[in-house]
Amino acid sequence: MKIVNTVNEVREQVRAWRKEGLSVGLVPTMGYLHEGHKSLIDRSVSENDRTVVSVFVNPIQFGPGEDLESYPRDMDRDAAVCETAGADLIFHPEPSEMYHEGFSTFVDMDTLTGGLCGKTRPIHFRGVCTVVSKLFHIVTPDRAYFGQKDAQQLAVIRHMVEDLSFGIEIVGCPIVREEDGLAKSSRNTYLNEEERKAALVLSRSLNIGKELFENGEREAGKLKDAIVEEVQKEPRAKIDYVEIVDWKNLEPVEKLDREVLVAMAVYIGKTRLIDNMLLHLTEA
Ligand code: PAF
């Protein structure tokens, strides 16, 4: 496995692979890799001849006052995870390699990005769409792998790929959880022992919603109320949002009569965590 820092080195390597007729998968990450990332790399390795993992803490998707500086970084550990999983190339650029002086072209989206995380993180998806577009142009993968944990991001990227005719297959992969239910996240490292326990309220409240749905509840409002009520019982938790939206257009729904995304962002102390689940009626 090679680690490279420049766009040219990636292009050279991918060109060589293409000459041999090999397919290429891309796993875009911000590093500090955990089991969730590993599942994306595993999937890419199983579906492509070669896998590129990008490790880049993208400054333009962080708003003022967010955790850009403190975002955890550990390249040696990341390299070990990638190597074990069978990745072939890590692209680990400096910010100046991705955003040269005078950089002023951004990819933005008029739909899907205003609600959910977009409400409190207004520039976030512009930053994500821009960096992911750049990575797609640099790596030119056949397939790219994203976690369902960032459900809005997955929907946004799928939409962008269609709008801008990237011709890349976007593969969404299931949320990976700790044994006790907490969704894996690089930001879990911010939690102290008490907060770690408190953070279980996210998955617990989603499970309460799921049970209601499985017992026949079809009013989105009732499901949302039950989830909110459970989160509010946890004194360390402060809700950013709990929303139930149509999985196709991310617009709020009243009835649970189609595939819906139940998504939440909750502060546990100072750490903002997200979690979600998809609900849909299955044929009997
Ligand atoms: O999901 C992430 O880690 C990031 O948003 C991504 C897709 C790597 C873009 O920086």
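For the structure itself, consult the block above.
Here goes a summary of the coordinates provided. (Residues numbered from 1 in each chain as written. Predicted model: local features only at pLDDT ≥ 70, side-chain atom pairs only at ≥ 80, totals over all residues. Heavy atoms only, no water.)

### Focus on the nonpolar core
Threshold: Residues grouped as a nonpolar core are buried Ala, Val, Leu, Ile, Met, Phe, Trp, Tyr and Cys residues, joined through side-chain atoms within 4.5 Å. Note on exposure labels: buried denotes an accessible area under 20% of the residue type's maximum, exposed denotes more than 50%, and partly exposed covers the range between, all computed with a 1.4 Å probe on protein chains only. Secondary structure is summarised from DSSP: a helix means a run of H or I of at least four residues, a strand means a run of E of at least two, and numbering begins at the N terminus for each. The contact definition used throughout considers only heavy atoms, calling two residues in contact when any of these lie within 4.5 Å.
Ranked by size, the top nonpolar core spans 47 residues in total, and within it Phe-136 and Ile-170 carry the most contacts. Of all the secondary structure elements, the ones that give two or more residues to this core are helix H1 (7-19), strand E2 (24-29), strand E4 (89-91), helix H6 (124-139), strand E5 (143-147), helix H7 (151-163), strand E7 (237-246) and strand E8 (260-268). With nine residues, H6 is the single largest residue contributor to this core. When sequence neighbours within four positions are dropped, the list of residues in contact with Ile-170 reads Phe-136, Ala-144, Phe-146, Leu-154, Ile-157, Arg-158 and Val-161. By size, the runner-up hydrophobic cluster in this structure holds 27 residues, among which are Leu-206, Phe-213, Val-253 and Met-277.

### Describing unusual backbone geometry
Positive phi outside glycine occurs at Leu-112, with the angle close to 65°. With respect to the helices, strands and loops of the structure, Leu-112 is situated in the loop between helix H4 (95-98) and helix H5 (117-120). Of note in the backbone geometry, Leu-116 takes a positive phi value of approximately 45° without being a glycine. Tracing the sequence through the fold places Leu-116 in the loop between H4 and H5.

### A few points about empty space enclosed by the protein
Defined as follows: Any residue with an atom within 4 Å of a point lines the site, the site being either a cavity, points on a 1 Å grid over the protein atoms alone where a 1.4 Å probe fits but cannot get out, or a pocket, an open set with protein on both sides within 12 Å along at least 5 of 7 lines. Grid points are joined across faces, edges and corners, and a volume is the space filled by probe spheres set on the points. Under the scheme applied, nonpolar residues are Ala, Val, Leu, Ile, Met, Phe, Trp, Tyr, Cys and Pro; charged residues are Asp, Glu, Lys and Arg; polar residues are all the others, including Gly.
Using the criterion set out here, one finds one cavity of 30 Å³ or more in the structure. Considering only enclosed or pocket space, the largest cavity measures out at about 50 Å³ in volume. Around the largest cavity sit 13 residues that line it, and Leu-182, Ala-183, Leu-202, Leu-273 and Ile-274 are the ones nearest its centre. Contributions of two or more residues to the lining of the largest cavity are made by helix H9 (200-214) and strand E9 (271-279). Take the lining of the largest cavity: its biggest share by element is three residues, from E9. Grouping the amino acids of the lining of the largest cavity by side-chain chemistry returns six nonpolar, four polar and three charged.

### Brief notes about the packing of helix H2 (residues 35-47) against helix H3 (residues 75-85)
Geometry of a packed helix pair, given as the angle between the helix axes and the separation of the axes. Put simply, the rule reads: Axis geometry follows a simple rule: fit a line to the C-alpha atoms, using only the stretch in contact for helices, then measure angles between N-to-C directions, giving values from 0 to 180 degrees. Here is the rule for handedness: rotate from the far helix to the near one, and if that takes an anticlockwise turn smaller than a right angle the crossing is left-handed, while a clockwise turn gives right-handed.
One way to put it is that H2 packs onto H3 with a least axis distance of 9 Å and a crossing angle of 35°. For the crossing formed where H2 meets H3, the hand is right-handed. Contact residues: H2 offers Lys-38, Ile-41, Asp-42 and Val-45, while H3 offers Val-81, Cys-82 and Ala-85. Class assignment of the residues belonging to the contact of H2 with H3 gives a composition of five nonpolar, no polar and two charged.

### Description of the pattern of salt bridges
To keep it simple, the criterion reads: Criterion for a salt bridge: a side-chain nitrogen of Lys or Arg within 4 Å of a carboxyl oxygen of Asp or Glu.
Taken as a whole, this structure holds 18 salt bridges when the rule is applied. Here Arg-204 and Glu-230 are joined by a salt bridge, their closest N and O atoms 3.0 Å apart. Within this pair, whereas Arg-204 is found in helix H9, its partner Glu-230 is found in helix H10 (residues 220-232), the two being separated by 26 residues in sequence. For Arg-204, a relative accessible area of 37% corresponds to the partly exposed category. Glu-230 gets classed as buried once you look at its relative accessible area, which sits at 11%. Note that Glu-214 and Lys-210 form a salt bridge whose closest N and O atoms lie 3.6 Å from each other. Note that Glu-214 and Lys-210 are positioned in helix H9 at a spacing of four residues, about one turn of the helix. Take Glu-214: its relative accessible area is 55%, and that puts it in the exposed class.

### Regarding the environment of Val-242
Summarising the element assignment, Val-242 is placed in strand E7. Assessed through its relative accessible area of 4%, Val-242 is described here as buried. Each C-alpha atom of the pair Val-242 and Leu-116 lies 8.1 Å from the other, and the pair is 126 residues apart in sequence. For Val-242, the contacting residues outside a window of four places in its chain are Lys-224, Ile-227, Val-228, Ala-263 and Met-264.

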